[in-house]
Amino acid sequence: MSRMKKLISVLLAVALTVACASSFACTGFYVGKQASANGTTIIGHTVDASTTSQTVINVIERVENEPGRIFSEGWGDFSWPLPDTTYAYTATPFSGGICHNGVANEMGVAISAAVTCYISDEISAMDPVVDDGLSEGFLCALVGACCATAREGVDLLAKVIEEIGNSEQNTIFIADQNEAWYMETYTGHQWCAVRMPEDCVAVFGNQFMLGAVDPESEDVLYSEGLFTMPEEAGLAVYTEDGLMDLFATYSGNALANASNRRTWYGHFMLAPSTAGDYGTKTRYDLFYQPDEKVTLDEVFEVTRARFEGTQWCPETTGRMDQRVIGTEKQANVNAIEVYDDLPAAMSCVTWTCMANAEHSVYLPVSNLVTDVAESYKYEPARENMWGGVYDPKMAHVVFKRLCALSEQDRTYYGQGVRDYWHSVELELVESYPQVLAQTQQMYQTDPAAAAEYITDYTIALQEKAFDEANLMYDELTWYMIANTNAQKYSYDSSTMTMGDTLNWTPFTPSLALEEQAG
């Protein structure tokens, strides 16, 4: 490697370490089973890291009766004793094996984490975070390997915080076929979790959302010093009914538009009748009932949202300073469905994008699969675990480069790409239940055959999308070549002068034309 290439590699590694280790800025979302159109529980978050962070899909196998193993994934020196038997699970980690941010295991437990949040300096000083404690770098993988229920997941994370400590401020979703929990981790040893209402939805930015909670409720779990620590320091804030306001107490009542506006926009999209105008100082409810049952397609669109229809939409108002939900920094996005009427081993479906949701496509991965397409798990050689590598054999690169071109001009380059992927998603959302039904029928008599069937289906679907992304990238590149600034406008051959009238039409993939013709 040349001296210049080595320097570039080092600089890239440093930049990614800073971007990914300390600046995750995601958007979380939840749809309760009574609020969803198809009766599933949906949890997920946009994994916003850096534009060159790369992701893969992994299938981790079950390990049967092997005592003495130690869990030591993620960054730092964290370690935890594993049970003799650990569960199989699907995951969407960053390339390099860290941050399994969307996990679904064979017991029907799904976990999506984490959305980074913030606390006040005064609270932080009382109970600082610890090195090598609970971290988004590994917590999803740990729960997936060890836990048979969502409640077990909360208990395990709580035990880690109690015995080792917490390294970050995060929000976490954990769901199974019976219930779903939302967890906030504050300081080195303080946390709170609530059972999520089945008839509600949630969308939020990088801010803690819990306000007053009833410590006597069976739907609330919390650390031993959650209430007493701030009380003794005189930092506790109470509501009129005498309950501690966790947000005001731990976050210092600080609201940032970059986060709070995303939270409001979730209300704007899913419950517009009650959203009202955005208020900078307004604290929006974490859980609320949507105006109508929420479809999976609507969840996908939430993750692509750029404040359309408001004064903050970058594309229509020029407000490029806005922190939108559908940011170009998305490394991937997961929306995990949990079915309560399927066998646990196939009850979770992780709909995942391998790049920005805006110009990528959600594809389903059942927790029953035993493998994924080679390009989706392929990891090119790298000198640093954070270093992005341009290798078109990697699915993430293929989708990300299509996104990069599309987002240079969302009207003329990107809209055709987005429309085509949307048509693919609509067809999948409609047809995939039949795939699950066929898998379930096979599972009743031959679980191995059912796993093989849905694995083959998943790989074929992924390979098709990979090929289509490559085709659209090539076509869009040629479209850009053919429509340089000199070709976009009218031309008078008699005077050999350019006019100021746009003389081109937006890019339309050949795949979309074939679809229309068919």
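See the structure printed just above.
Only a predicted model underlies this, so the values are computations on that prediction, with no experimental measurement involved.

So, how was this worked out
- Residues numbered from 1 in each chain as written.
- Predicted model: local features only at pLDDT ≥ 70, side-chain atom pairs only at ≥ 80, totals over all residues.
- Heavy atoms only, no water.
- Patch = residues over 30% accessible without salt bridge, like charges linked within 9 Å, V, L, I, M, F, W, Y side chains within 5 Å.
- Areas by Shrake-Rupley, 256 points an atom, 1.4 Å probe, with all protein chains shown as cover.
- Salt bridge = Lys/Arg side-chain N within 4 Å of Asp/Glu carboxyl O.
- Helix = DSSP H or I, 4+ residues; strand = E, 2+ residues; numbered from the N terminus.
- Buried < 20%, exposed > 50% of the residue type's maximum accessible area, 1.4 Å probe, protein only.
- Phe/Tyr/Trp six-rings, centres within 6.5 Å; stacked < 30°, edge-to-face > 60°.
- Lys NZ or Arg CZ within 6 Å of the ring centre and 35° of its normal.
- Pairing = 2+ DSSP bridges.
- Axes fitted to C-alpha atoms, helices over the stretch in contact; angles between N-to-C directions.
- Contact = heavy atoms within 4.5 Å.

Engineer: Help me understand a nonpolar patch on the surface in this model?
Structural biologist: Nonpolar side chains collect at one region of the surface, where Y489, Y491, M498 and L502 lie side by side and expose about 390 Å² of accessible area between them. Breaking the nonpolar patch down by element, the ones donating at least two residues are strand 17 (489-492) and strand 18 (497-502). Mapped onto the elements, L502 comes out in strand 18. According to the relative accessible area criterion, L502 is partly exposed, its value standing at 43%.

Engineer: What am I meant to see in the packing of aromatic side chains here?
Structural biologist: The geometry of two aromatic rings is summed up by the distance between their centres and the angle between their planes. Per the counting criterion, the structure on display carries 30 aromatic pairs. Three or more aromatic residues joined by ring pairs make a cluster, and in this case those are W264, Y265, F268, Y278, Y284, F307 and W312. Above the ring of Y473, the side-chain terminus of R401 is found at 4.0 Å from the ring centroid.

Engineer: What's the story with the sheet that holds strand 12 (residues 201-204) in this structure? I'm lost.
Structural biologist: For sheets, the rule is that strands pair by backbone hydrogen bonds, running either parallel or antiparallel. A sheet is described by the order of its strands in space; here six strands give the open sequence 12-1-2-14-15-16, paired in antiparallel fashion. Bordering the open sheet on either side are strand 12 and strand 16 (363-366), each of which pairs with just one other strand. Mean inter-strand twist for the sheet, computed between neighbouring axes without regard to direction, equals 15°. As paired strands, strand 1 (residues 27-31) and strand 12 are joined by four bridges and run antiparallel to one another. Within strand 12, the residue paired with Y30 across the bridge is A202. Packing against the sheet, helix 7 (residues 257-270) makes contact with strand 1 and strand 12, and its axis sits at approximately 145° to strand 12. Docked against the sheet, helix 9 (residues 296-304) engages strand 1, strand 2 (41-48), strand 12, strand 14 (330-338) and strand 15 (348-353), running at close to 155° with respect to strand 14.

Engineer: Please explain the side chain of T350 as it appears in this structure.
Structural biologist: Following the sequence through the fold, T350 ends up in strand 15. For T350, a relative accessible area of 3% translates into the label buried. With residues near it in sequence (within four places) discarded, T350 still touches T90, A104, N334, A335, I336, L363, P364 and V365.

Engineer: How should I be thinking about helix 3 (residues 139-146) in this particular structure?
Structural biologist: Within helix 3, eight of the eight residues are buried, which leaves the element mostly enclosed by the surrounding structure. Taken residue by residue, helix 3 has L139, C140, A141, L142, V143, G144, A145 and C146 as its buried positions.

Engineer: What exactly am I supposed to notice about the pattern of salt bridges here?
Structural biologist: Enumeration according to the criterion identifies 22 salt bridges in this entry. Across the pair R418 and E301 runs a salt bridge whose closest N-O atoms are separated by 3.0 Å. Highlighted residues: R418 in helix 13 (residues 410-445) and E301 in helix 9, separated in sequence by 117 residues. The pair R418 / E301 is uniform in exposure class, with both members buried. Of the charged contacts in the structure, one is a salt bridge between E315 and R306, with a shortest N-O distance of 2.8 Å. Given the relative accessible area of 36%, E315 is considered partly exposed.

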